[in-house]
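A closer look at the structure
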Amino acid sequence: MRTIPYATDEDETVRTQITLTTSLKKAIEEKATKSGQSLSEYLRRAASLSILLDEQERENLTELAQIAIGSVDLKNHPQWSNKTKVTRWVKTMRSEWQ
Amino acid sequence: MAMKLVLPDTNILILALSNQKPYSSFLSSWIIDKQLIFSSVVVAEFLSGATDEEEKVFLSLLKPFPIIPVDLTVAQLGAYYRKKYLTQKTKLMLPDCLIAASCKVTKAALATADPKDFPIKEIEVLHLDSKVT
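Below or above, wherever it landed, is the structure these notes cover. (Residues numbered from 1 in each chain as written. Chains lettered and ligands numbered in written order. Predicted model: local features only at pLDDT ≥ 70, side-chain atom pairs only at ≥ 80, totals over all residues.)

Some words on the overall build of chain A
Helix and strand counts for chain A come out as three helices and zero strands. When the helices and strands of chain A are placed in sequence order, the string is α-α-α. Rg of the C-alpha trace for chain A: 25 Å, well past the compact-globule value of 13 Å for 98 residues, more than 25% over. If you line up chain A on its principal axes, its C-alpha atoms span 65 × 35 × 25 Å. Taken over 98 residues, chain A has a buried fraction of 8%. (Helix = DSSP H or I, 4+ residues; strand = E, 2+ residues; numbered from the N terminus. Rg over C-alpha atoms; globule rule 2.2 N^0.38 Å. Buried ≥ 20, exposed ≤ 12 C-beta atoms within 10 Å, placed from the backbone.)

Here it is as structure tokens:
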């Protein structure tokens, strides 16, 4: 299981200024109050989760890239064995539209 | 600032997916950085040459990325490019025009192994062979 980074009690906090829309601020305040958190705590947690999701997505995409690259076996496609042959194959197909 | 979208031409996809350098490294970066966008023309061309197994992997590659259909906007713009360049005595192939139109409407750069087929000034064409790392 993953832990939420950047939101530990030991980490030093710094004061910062952000701009929110009125409706978003209201929604955050409602949610934060319900869960007994301050606005800052709520936003720190939201930002940490966002970073975590980005990192997870990047890991998934890295895995996808590893699966995709090399998935075409040139033994099945002598017509794709180099750049010249590939560009010729594509061009021939496109010329059929004429 | 968001990273630039890249639309790979069929030739780039084939070269990259068959692990031919430097195209495979470029494609890998575009996947990981979520920069990819596909043209339905390119998808059809690739699938018409792929085996069943290759099709399966390719379809999983498409999942996280947008696929641009040949809708009315793309069709009109593609036809405009074809006519415009024909009057300048440059005969462009219609699939090339449709791919270029997809790039234009999505503001994506085109990655192709054959840049001379895309003399269209309205789009950005990446010259990958001169970017070998």
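As for the packing of helix α1 (residues 10-17) of chain B against helix α2 (residues 23-32) of chain B
Residue and element names in this part refer to chain B. It is the contact of α1 with α2, at a shortest axis distance of 7 Å, that shows an interaxial angle of 100 degrees. The angle between α1 and α2 places the two elements in the roughly perpendicular class. Along the contact surface, α1 presents I12, L15 and A16, while α2 presents Y23, S24, F26 and L27. Counted by class, the contact of α1 with α2 contains six nonpolar, one polar and no charged residues. (Axes fitted to C-alpha atoms, helices over the stretch in contact; angles between N-to-C directions. Parallel < 35°, antiparallel > 145°, perpendicular 65-115°, else oblique. Contact = placed C-beta atoms within 7 Å. Nonpolar A, V, L, I, M, F, W, Y, C, P; charged D, E, K, R; others polar.)

Regarding the interface of chain B and chain A
Counting residues at the interface gives 28 residues for chain B, matched by 24 residues for chain A. Those elements that place two or more of their residues in the side of chain B that touches chain A are α1, α2, α3 (40-49), α4 (52-62) and α6 (94-106) of chain B. No other element matches the six residues that α1(B) contributes to the side of chain B that touches chain A. Considering only residue class, the side of chain B that touches chain A consists of 14 nonpolar, nine polar and five charged.

Regarding the packing of α1(B) against α3(B)
Residues and elements named next belong to chain B. Following both chains from N to C, one finds α1 and α3 inclined at 50 degrees, their axes separated by 9 Å at the closest point. Here α1 is positioned oblique relative to α3, judged by the angle of their axes. In the packing of α1 onto α3, the handedness of the crossing is right-handed. In contact with T10, L13 and I14 of α1, α3 contributes V42, E45 and F46. Of the residues that constitute the contact of α1 with α3, the class distribution is four nonpolar, one polar and one charged. (Left-handed = near helix turned anticlockwise from the far one by under 90°.)

A closer look at the nonpolar core
In globular proteins that are soluble, nonpolar side chains generally tend to be buried together. If you look at the biggest cluster of nonpolar residues, it comprises 44 residues, and the most contacted ones within it are B:L7, B:I14, B:A16, B:A100 and B:L110. Listing elements by their share of this core, those giving two or more residues are α3 (83-95) of chain A together with β1 (6-8), α1, α2, α3, α5 (72-87), α6 and β4 (109-111) of chain B. (Core = buried A, V, L, I, M, F, W, Y, C linked by C-beta atoms within 7 Å.)

Observations concerning the sheet that holds strand β5 (residues 125-126) of chain B
All names here are of chain B. With parallel pairing, three strands are arranged side by side in an open sheet as β1-β4-β5. Of all the strands in the sheet, just β1 and β5 have a single pairing partner and so form its edges. Contacts from α6 reach β1 and β4, with the element oriented near 140 degrees to β4. (Pairing = 2+ DSSP bridges.)

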